[in-house]
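These are the residues of each chain, in order.
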Amino acid sequence: MDQSTRRLTVAQALVRFLSAQYTERDGVRHRLIAGTWGIFGHGNVAGIGQALLEAGEQAMPFHQGRNEQAMVHAAVGYARQSGRLSAQAVTTSIGPGATNLVTGAALATINRLPVLLLPGDYFATRAADPLLQQLEHPVEADLSVNDTLRPVSRYFDRITRPEALVPSALAAMRVLADPAETGAVTLALPQDVQPEAYDWPEEFFAERVWRVRRPAPDPVELAEAARAIRGAERPLIVAGGGVHHSEAETALRELVDATGIPVASTQAGKGSLRHDHPADLGGIGHTGTAVSDDLARTADLVIGVGTRYTDFTTASTTLFRNPGVRFVNLNITAFDAHKLAARPLVADARAGLETLAEALAGHRVDAAYEAEYRLGKERWEQVVADAFRADDENAVPTQTQVLGALDAVVGDADVVINAAGSLPGDLHKLWRARSPRQYHLEYGYSCMGYEIPAGIGVQQAAPGTPVWSLVGDGTYLMMPTEIVTAVQESLPVNLVLIQNHGYASIGGLSQSVGGERFGTAYRYRAADGTFSGAPLPVDLAANAASLGMDVIRAKTVRELRDALAAARASDRPTCVYVETDPAPSAPPAQAWWDVPVAEVASREAAVDARTTYDGQAAERRRHL
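First, a word on scope: everything that follows refers to the structure included in this document. (Residues numbered from 1 in each chain as written. Predicted model: local features only at pLDDT ≥ 70, side-chain atom pairs only at ≥ 80, totals over all residues. Heavy atoms only, no water.)

Further remarks concern the environment of Glu-181. Position of Glu-181 among the secondary structure elements: in the loop between helix H6 (165-177) and strand E9 (184-190). For the pair formed by Glu-181 and Thr-36, sequence separation is 145 residues and the distance between their alpha carbons is 22 Å. Setting aside residues up to four positions removed in sequence, Glu-181 forms contacts with Arg-154 and Val-175. Among the polar contacts made by the side chain of Glu-181, one reaches the side chain of Arg-154 at a distance of 2.6 Å. (Helix = DSSP H or I, 4+ residues; strand = E, 2+ residues; numbered from the N terminus. Contact = heavy atoms within 4.5 Å. Polar contact = N/O pair within 3.5 Å; in protein donor to acceptor, adjacent residues only side chain to side chain.)

On inspection of all chains with the given rule, the structure shows eleven aromatic pairs. The interplanar angle of 55° and the centroid separation of 5.6 Å between the aromatic rings of Trp-592 and Tyr-613 together place this pair among those described as tilted. Linking Trp-592 in the loop between strand E23 (574-579) and helix H23 (604-617) with Tyr-613 in helix H23, this pair joins segments that are 21 residues apart in sequence. According to the relative accessible area criterion, Trp-592 is buried, its value standing at 13%. Residue Tyr-613 is classed as buried on the basis of its relative accessible area, which comes to 10%. An aromatic cluster of at least three residues, connected via ring pairs, comprises Phe-17, Tyr-198, Trp-200, Phe-204 and Phe-205. (Phe/Tyr/Trp six-rings, centres within 6.5 Å; stacked < 30°, edge-to-face > 60°. Buried < 20%, exposed > 50% of the residue type's maximum accessible area, 1.4 Å probe, protein only.)

Another point: the nonpolar core. In terms of nonpolar packing, the biggest core is built from 80 residues, with Ile-237, Leu-252, Trp-468, Leu-470 and Leu-564 touching the most fellow members. Among the elements that take part in this core, helix H14 (residues 367-388) stands out by supplying six residues, more than any other. Apart from the residues within four sequence positions on either side, Leu-564 is in contact with Ala-405, Leu-406, Val-409, Trp-468, Val-496 and Val-576. Counting residues in hydrophobic clusters, the runner-up holds 36 residues, among them Leu-14, Phe-17, Val-185 and Trp-200. (Core = buried A, V, L, I, M, F, W, Y, C linked by side-chain atoms within 4.5 Å.)

Attention now goes to helix H5 (residues 101-110). The buried fraction of H5 is high, at seven of ten residues. Taken together, the buried positions of H5 are occupied by Leu-101, Gly-104, Ala-105, Ala-106, Leu-107, Ala-108 and Thr-109. On the buried face of H5, the contacting elements are helix H3 (68-81), strand E6 (87-92), helix H4 (96-99), strand E7 (115-121) and E9. Immediately downstream of H5, the backbone of Arg-112 shows phi near 60°, a positive value.

If you walk across this open sheet you meet the three strands as E3-E2-E11, and the pairing is mixed. Unpaired on one side and paired on the other, strand E3 (28-31) and strand E11 (208-211) mark the two borders of the sheet. Adjacent strand axes in the sheet meet at a mean angle of 35° when their direction is disregarded. As paired elements, strand E2 (residues 21-25) and E3 share four bridges and run antiparallel to each other. Within E3, the position partnered with Tyr-22 by the bridge is Arg-31. Its contacts with the sheet put H6 on E2 and E11, and the angle it makes with E11 is roughly 35°. (Pairing = 2+ DSSP bridges. Axes fitted to C-alpha atoms, helices over the stretch in contact; angles between N-to-C directions.)

Right, let's talk about the sheet that holds strand E15 (residues 301-305) for a bit. Taken together, six strands build an open sheet; the order of strands is E14-E13-E12-E15-E16-E17 and the sheet is parallel. Two strands bound the open sheet, and with one partner strand each, they are strand E14 (280-283) and strand E17 (343-346). Sheet twist, expressed as the average angle between the axes of neighbouring strands with direction ignored, equals 20°. As paired strands, strand E16 (residues 326-331) and E17 are joined by four bridges and run parallel to one another. Directly across from Leu-330, in E17, lies its bridge partner Leu-345. Helix H10 (residues 290-298) contacts strand E12 (235-239), strand E13 (263-265) and E14 of the sheet and is inclined by roughly 100° relative to E14.

In terms of burial, E23 is largely enclosed, as five of its six residues are buried. In terms of strand pairing, strand E21 (residues 494-499) meets E23 through six bridges, oriented parallel. By the bridge assignment for E23, Gln-499 is matched with Glu-579. Relative to E23, strand E22 (residues 550-554) runs parallel, the two sharing five bridges.

Within the secondary structure layout, Phe-62 lies in strand E5 (residues 62-64). Assessed through its relative accessible area of 24%, Phe-62 is described here as partly exposed. For the pair Phe-62 and Gly-35, spaced 27 residues apart in the sequence, the C-alpha separation amounts to 5.8 Å. Beyond its immediate chain neighbours, meaning those up to four positions away, Phe-62 contacts Thr-36, Trp-37, Gly-38, Phe-40, Leu-52 and Glu-57.

Mapped onto the elements, Asp-386 comes out in helix H14. Note: C-alpha distance between Asp-386 and Arg-610 (224 residues apart in sequence) is 33 Å. There is a polar contact of 2.9 Å between the side chain of Asp-386 and the side chain of Gln-382.

A few words now on the packing of helix H9 (residues 249-259) against helix H13 (residues 349-359). Across the interface, H9 lies against H13 with an axial gap of 8 Å and an inter-helix angle of 20°. Regarding the angle of H9 to H13, the classification is roughly parallel. Of the two elements, H9 crosses H13, and the hand of that crossing is left-handed. Touching Ala-251, Leu-252 and Leu-255 of H9 are Arg-350, Leu-353, Glu-354, Leu-356 and Ala-357, all from H13. Residues of the contact of H9 with H13, tallied by class, amount to six nonpolar, no polar and two charged. (Parallel < 35°, antiparallel > 145°, perpendicular 65-115°, else oblique. Left-handed = near helix turned anticlockwise from the far one by under 90°. Nonpolar A, V, L, I, M, F, W, Y, C, P; charged D, E, K, R; others polar.)

Take the pattern of salt bridges next. Taken as a whole and assessed by the stated rule, the structure comprises 36 salt bridges. Among the ionic pairs, Asp-26 bridges to Arg-350, the shortest N-O distance being 3.2 Å. Taken together, the residues Asp-26 in the loop between E2 and E3 and Arg-350 in helix H13 connect sequence positions 324 residues apart. Relative accessible area serves as the criterion here: at 22%, Arg-350 is assigned to the partly exposed category. (Salt bridge = Lys/Arg side-chain N within 4 Å of Asp/Glu carboxyl O.)

Listed as buried for H13 are Ala-349, Ala-351, Gly-352, Leu-353 and Leu-356. The N-cap residue of H13 is Asp-348: its side-chain oxygen and the backbone nitrogen of Arg-350 are 3.1 Å apart.

What follows concerns the side chain of Thr-307. Position of Thr-307 relative to the elements: it lies in the loop between E15 and helix H11 (311-314). Within the local environment of Thr-307, its side chain forms a polar contact with the backbone nitrogen of Tyr-309, the two atoms lying 3.1 Å apart. The contact partners of Thr-307, leaving out residues within four places of it in the chain, are Val-238, Gly-240, Thr-266, Asn-331 and Asp-336.

In structure tokens:
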């Protein structure tokens, strides 16, 4: 055993340790921490900042961000594009820099995507107390604002002594590399501990490989799942993000080709099958397609693969209506595999699908069932074509025509990124996913402001890949800051900026639940005090240009298509700005979403909405 030591600061030791960590899956090695994002202040500039400078770009690439939350979003985009096999770190000062991490950390953990957070913290020695930006608590002296990161982190530790870093850093890497445990990992680093020197064992800096396992199913669980599938007359696969994380797309397609079982996808799972595969039915749930939701209502067996079964996916527990419906859930986490009282199949998605295909050899669904769902798919494809089509090329485009124009321009490898607003529903219903990584929707947290920084992360993970960040005006105003980063790094992220003067998605929801679109429009105040005056004279295109982007304004469908083609051909960050026709153009929701309505109200809209709500809520059920 090597007994030699090296004297370094805590921050220097951590950076050196991180530079030697790798993941390995299927014999392919990846750097676990591929780079570090940072904004420096008094809580990290002399610690982690100095350590990154001393280490150099080869040991630990550094990325300069403009907003701490956005840096986490960029790291999440990177991790997802990397298949969760490679991640990035984010360092901040103490105080507001640290608390700005919370939203991004929640997004990472909810979506099961790895990111390492390194916020500064108060003096461990209390030499300076209270410190600038310190939160004082009268009865908990060891409490800091970083404790807000505990509930949104999969692992949290505060390093109050140098030697504590060794076990904590190892535990942090284990969680980041574990597909069943991964999410945000936080190592809070007191300001005085970061620059403190210590004699570190050389073994701590040795190259270390964290193998990402592919656990196979338990034989008994596998036999029960196969028996259930063989006995089902109307089985339906629900493909979730775990299919992509496991790179199980080929295994899924081979199972479907052999058995004829149709596939509906969650937001995270869309693209598990190519859109033109005869068994791909598109999205499922509140934002799903008619064919997926119709089959879900009559399915006698639902086979979840890598899905968490969120509220939208299950249409608030009203979607799966067959009285005898049962569930088989293939998931790497037992927590998710047991949802909806399912027969669990706890395993890696690819390993599970491959063994399940073997167990189902010779089995195929009835030909009449195949003919039924293929006919439903054809009908929905016509709905998509109608939504995308523009009969007048010189007209102002609708939002779905914007998607149609983009659909005509992108290639198979392009990545389309979105997270919030009305676009996720339109995309889930209508987008024709051509490859496993093309459809990049963050819908676990549906966080406004995710799209632009995530586009940067995707570009970093897949250089040369055309990336499209789709945002409405509401989302853009939340977080346009990382445009500056894209310009600084010469990353040709394409921004499609849709101006519809407010929160279109929540406006529509507000109207449907009796809220009368209150507080959802970006307009001047009218004489009655409401925000119902003229649209605000905000020029978001000029704003994007002022941050360094090339901007192309498009007023018609024809101009839009030309603008998108020009953006795709450009090697600079480019914004395509378009104002859309506000009239609804997407197909209506095919299933219900439970948003409770006022039980008592004086306004007619709310009273009517409650009547509708009570009727829908009566259809909810528990799957036991």
